[in-house]
Amino acid sequence: MSNILGLDVSTVNVGLCQLNSNGNILLIEHLKLNNVVDLFQKSELIIDFIKSKNIDISCDIVMESCLLNYRFGFSNTKTIMSLVKINTLVNYLLYKEGYNVINMNVNHARKVLGFKKNTDIKDTKKAIDVFLKTMYYDEYRFITSLEFKKKDDIFDAFILAKAFFLERNQCV
């Protein structure tokens, strides 16, 4: 089985989490893009960043399906269009490089891992934090021990990669 790279792409932050064929974390990275305006340039920076980490071409790349969880009032039209564009560009550029790209709904990925929204915790990001700390303590401890300020992008990258690993290996 090949390694898996979970990739949570946005216009400002990108979370990466690579798992080996046993489902263990090989690589955790965070890329900040807030100083870059052009979406084409941002997309190319993401691809260059992945290539700089020596991600093998046989690695399956799991990206969050864009906008499947959209709810009115959370993002404006400009932000939504930017997310669609950058996700499309990154998907295409990865395809051109020869990578196998799988798109997965992040809510589906969370469900595969066993996440259920805690009604006591209104903020989804906080609920994910508590869930990972409880159910995936070793991975959570490893991720939070690193010097990244923006952990939720890395958490989603981990969730995407781990869900794909579990489904691929029929562990669910």
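Further up the page is the structure itself.
Per chain, residue numbering runs from 1 following the sequence as it is written. Local features in this predicted model are restricted to residues whose pLDDT is 70 or higher, and side-chain atom pairs enter the listing and the counts only when it is 80 or higher, whereas totals over whole chains, interfaces and linings include all residues. Note: side-chain values were computed over all heavy atoms of the structure, leaving out hydrogens and water.

1. Examining the sheet that holds strand β4 (residues 60-64)
Stage number 1. If you walk across this open sheet you meet the five strands as β3-β2-β1-β4-β5, and the pairing is mixed. Whereas interior strands pair on both sides, the edge strands pair on one side only; in this sheet they are β3 (25-32) and β5 (100-104). Shown here is a sheet whose adjacent strand axes are inclined to one another by a mean of 20 degrees, direction ignored.
Stage number 2. The sheet contacts of helix α1 (residues 39-52) involve β1 (4-9), β2 (13-19) and β3, and relative to β3 the element is tilted by about 150 degrees.
Stage number 3. Along the sheet face, helix α6 (residues 151-168) touches β1, β2, β3, β4 and β5 and points at about 35 degrees away from the line of β2. Here, strands pair whenever DSSP counts at least two bridges between them. Only DSSP runs of H or I covering at least 4 residues are called helices, and only runs of E covering at least 2 are called strands; the numbering of each starts at the N terminus. Simply put, an axis is a line fit to the C-alpha atoms, just over the touching stretch for a helix, and the angle between two N-to-C directions goes from 0 to 180 degrees. Residue contacts are counted whenever heavy atoms from the two residues lie within 4.5 Å of one another.

2. Concerning the nonpolar core
Stage number 1. Residues belong to one nonpolar core when they are buried, are Ala, Val, Leu, Ile, Met, Phe, Trp, Tyr or Cys, and are joined through side-chain atoms within 4.5 Å. Working definition: with a 1.4 Å probe on protein chains only, accessible area under 20% of the residue-type maximum means buried, over 50% means exposed, and in between means partly exposed. Core analysis: the biggest nonpolar cluster contains 33 residues, and Leu113, Leu132 and Phe158 have the highest contact counts within it.
Stage number 2. Looking at this core, the elements with two or more residues in it are β2, β3, β5, α3 (106-113), α4 (124-135), α5 (137-145) and α6.
Stage number 3. The element that contributes the greatest number of residues to this core is α6, accounting for 11 residues.
Stage number 4. By size, the runner-up hydrophobic cluster in this structure holds 21 residues, among which are Val14, Met63, Val90 and Tyr99.

3. Thoughts on the environment of aspartate 38
Stage number 1. Relative to the elements of secondary structure, aspartate 38 occurs in the loop between β3 and α1.
Stage number 2. Owing to a relative accessible area of 38%, aspartate 38 belongs among the partly exposed residues under this scheme.
Stage number 3. Each C-alpha atom, one on aspartate 38 and one on isoleucine 121, is 36 Å from the other, the two residues being 83 residues apart in sequence.
Stage number 4. Polar contacts, as counted here, are pairs of nitrogen or oxygen atoms within 3.5 Å of one another; within protein the pair requires one atom able to donate a hydrogen and one able to accept it, and residues that are adjacent in sequence qualify only if both atoms are side-chain atoms. At 2.8 Å, the side chain of aspartate 38 forms a polar contact with the backbone nitrogen of glutamine 41.

4. Some details on the pairing of β2
Stage number 1. Burial of β2 is extensive: seven of the seven residues sit out of reach of the surface.
Stage number 2. Burial along β2 is two-sided: Asn13, Gly15, Cys17 and Leu19 and Val14, Leu16 and Gln18, pointing in opposite directions, are all buried.
Stage number 3. In this structure, β1 lies alongside β2, joined through six bridges in antiparallel fashion. Residue pairing for β2: isoleucine 4 is matched across the bridge by leucine 19.
Stage number 4. Hairpin connection between β1 and β2: a loop of three residues separates the two successive antiparallel strands.
Stage number 5. Counting the residues between successive antiparallel strands, the hairpin from β2 to β3 contains five residues, one of them, glycine 23, with a positive phi of roughly 85 degrees.

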